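# A closer look at the structure
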Amino acid sequence: MSESLLRTAAIPVTDPEAGLRLTEIFYSLQGEALTSGLPTIFVRLTGCPLRCVYCDTEYAFTGGERQSLETIITTIKSYPCLRICLTGGEPLAQPNAIELMKRLLSDGYEISLETAGALTVANVPSAVSKVMDLKTPSSGEVDKNLWSNLDYLTQHDQIKFVIMNREDYDWAKAKLSEHQLDKRVGTVWFSPMFNVADDVDEAANREMSSSDVPVLARELAEWILKDALPVRFQLQLHKIIWADAKGK
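For every chain, the first residue of its written sequence is number 1, and the numbers climb from 1 along that sequence. For this predicted model, a pLDDT threshold of at least 70 governs which residues receive local features, and a threshold of 80 or more governs which side-chain atom pairs are given and counted, while totals over whole chains, interfaces and linings are taken from all residues. For the side-chain quantities, the full set of heavy atoms in the structure was used; hydrogens and water were omitted.

### What to know about the overall build of the protein chain
Here a strand is any run of E in DSSP of at least two residues, a helix any run of H or I of at least four, and the numbering for each starts at the N terminus. Across its full length, the protein chain holds 8 helices and 9 strands. Categorising residues by exposure relies on relative accessible area from a 1.4 Å probe, with only protein chains included: less than 20% of the type maximum marks a residue as buried, more than 50% marks it as exposed, and the intermediate range marks it as partly exposed. Counting across all 248 residues of the protein chain, residues that qualify as buried make up 47%. In what follows, residue pairs with any heavy atoms lying within 4.5 Å of each other are defined as contacts. When contacts within the protein chain are restricted to residue pairs at least 6 apart in sequence, those whose partners lie at least 24 apart make up 71%. Residue exposure ignores everything except the shown protein chains as possible cover, and the areas themselves are Shrake-Rupley values with a 1.4 Å probe. A total of about 11,500 Å² of accessible surface is found on the protein chain, and carbon and sulfur atoms cover 53% of it.

Written out as structure tokens, the structure reads:
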């Protein structure tokens, strides 16, 4: 099977009665962005048109189970929380994600949407906080950035750059200035590529300490300080606590 076919498996439909292909729903602490540390219901949809080299949710590329919107909402309501993170994969790869967000908003839920920025966000309800990941050169998908999406962002939204090296940092810094990103959204995040699972293996069951923070994280912090960038640094909290465990 070709790569293009693999990326465009027959998942998208626009009939709300057809529901969504779902990888998992789980209840955990939000690990990043403005609601980091808060209890959150995660709705992870199946499928993604991108293949970033650092992806930590490849298991959501395929498979999953198609469920009706009503079934998904019933499962969501079984958790003691009104905060939802719609993630993937790429949620916007399935048009019915828009309808799901509308229904959840009408039920009083607070929603954040994690999107790669390669598909239009024009139809995302304004009440949803869009957390848009702009792909850096080292991701392997920098050419997929849909720059017209910037026109649909507000102070209610956030932009994230995953940094793998100095080249990524310099590129992100240039885009920050070129597009005045800190003026377009409420928060711009610079996040180092961070794989705790490898550190845990190397630690051989010893307690993690500050010395286990990747060197890149410390370098990125220093670069941001030196350049006095109007961005916020972040490490993914869920990886520090649970590594890359599914359902966390």
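### Overview of the nonpolar core
The nonpolar side chains of a soluble globular protein tend to be buried with one another. What is meant by a nonpolar core is a set of buried Ala, Val, Leu, Ile, Met, Phe, Trp, Tyr and Cys residues, joined one to another through side-chain atoms within 4.5 Å. By size, the foremost hydrophobic cluster in this structure holds 25 residues, and its most contacted members are Val43, Ile76, Leu100 and Met101. At the level of elements, β1 (20-29), β2 (39-45), α2 (69-76), β4 (83-87), α3 (96-106) and β5 (110-115) are the ones that each hand at least two residues to this core. The greatest single-element share of this core, amounting to 5 residues, is contributed by α3. Membership of the second largest hydrophobic core comes to 21 residues, among which are Ile159, Phe161, Leu181 and Trp223.

### Considering the side chain of Glu32
Looking at where Glu32 falls in the secondary structure, it is placed in the loop between β1 and β2. We call two N or O atoms a polar contact when they sit within 3.5 Å, provided that within protein one can donate a hydrogen and the other can accept it, with sequence-adjacent residues counted only if both atoms are side-chain atoms. In this structure the side chain of Glu32 is engaged in a polar contact, spanning 3.5 Å, whose partner is the side chain of Gln234.

### Some words on helix α7 (residues 215-227)
Here a helix's expected span is defined as the number of its residues, less one, multiplied by 1.5 Å. Taking 1.5 Å of rise per residue, the 13 residues of α7 would be expected to cover 18 Å, and the 19 Å separating its terminal C-alpha atoms lies within 8% of that figure. Within the span of α7, buried status applies to Leu216, Ala217, Leu220, Trp223 and Ile224. For α7, the buried positions fall inside an angular range of 125 degrees around the axis, keeping them on one side. Exposed side of α7, more than 90 degrees from the buried face: Glu222, Leu225 and Lys226 are the residues found there. Think of the arc as the fan of directions from the helix axis to the C-beta atoms.

### Some remarks on α3
For α3, the complete set of buried residues consists of Asn96, Ala97, Ile98, Leu100, Met101 and Leu104. Contact partners of the buried residues in α3: β1, β2, α2, β4 and β5. Immediately downstream of α3, the backbone of Gly108 shows phi near 90 degrees, a positive value.

### Description of the packing of aromatic side chains
Pairing of aromatic rings covers Phe, Tyr and the six-membered ring of Trp, with a centre-to-centre limit of 6.5 Å; geometry is then stacked below 30 degrees between planes, edge-to-face above 60, and tilted otherwise. For the structure shown, the criterion picks out 7 aromatic pairs. Taken together through their ring pairs, the aromatic side chains of Trp147, Phe161, Tyr169, Trp171, Phe190 and Trp223 make up a single cluster. Each ring is checked for a lysine NZ or an arginine CZ that lies within 6 Å of its centre and within 35 degrees of its normal; such an atom marks a charge sitting over the ring. A cation sits over an aromatic face here: Arg51 above Phe61, 3.7 Å from the ring centre.

### A short note on the packing of α2 against α3
Relative orientation of the contacting elements α2 and α3 amounts to 45 degrees, with a least axis distance of 11 Å. When the interaxial angle is binned, α2 and α3 end up oblique. Here the hand of the crossing between α2 and α3 comes out right-handed. Where α2 abuts α3, its residues Leu69, Glu70, Ile72, Ile73 and Ile76 lie against Asn96, Glu99, Leu100, Arg103 and Leu104. Asp, Glu, Lys and Arg are counted as charged, while Ala, Val, Leu, Ile, Met, Phe, Trp, Tyr, Cys and Pro are counted as nonpolar; the rest, among them Gly, fall into the polar class. Split into classes, the residues belonging to the contact of α2 with α3 amount to 6 nonpolar, 1 polar and 3 charged. In this description, a line fitted to the C-alpha atoms serves as the axis of each element, helices being fitted only across the stretch in contact, and the angle between N-to-C directions of two axes falls anywhere from 0 to 180 degrees. Note that the term roughly parallel is reserved for angles under 35 degrees, roughly antiparallel for angles over 145, roughly perpendicular for angles of 65 to 115, and oblique for everything else. Crossing handedness is read from the near helix: turned anticlockwise from the far helix by less than a right angle, it gives a left-handed crossing, and turned clockwise, a right-handed one.

### Remarks on the side chain of Gln94
Turning to its location among the elements, Gln94 is positioned in the loop between β4 and α3. Reaching out from Gln94, the side chain makes a polar contact with the backbone oxygen of Thr46 at a distance of 3.0 Å.

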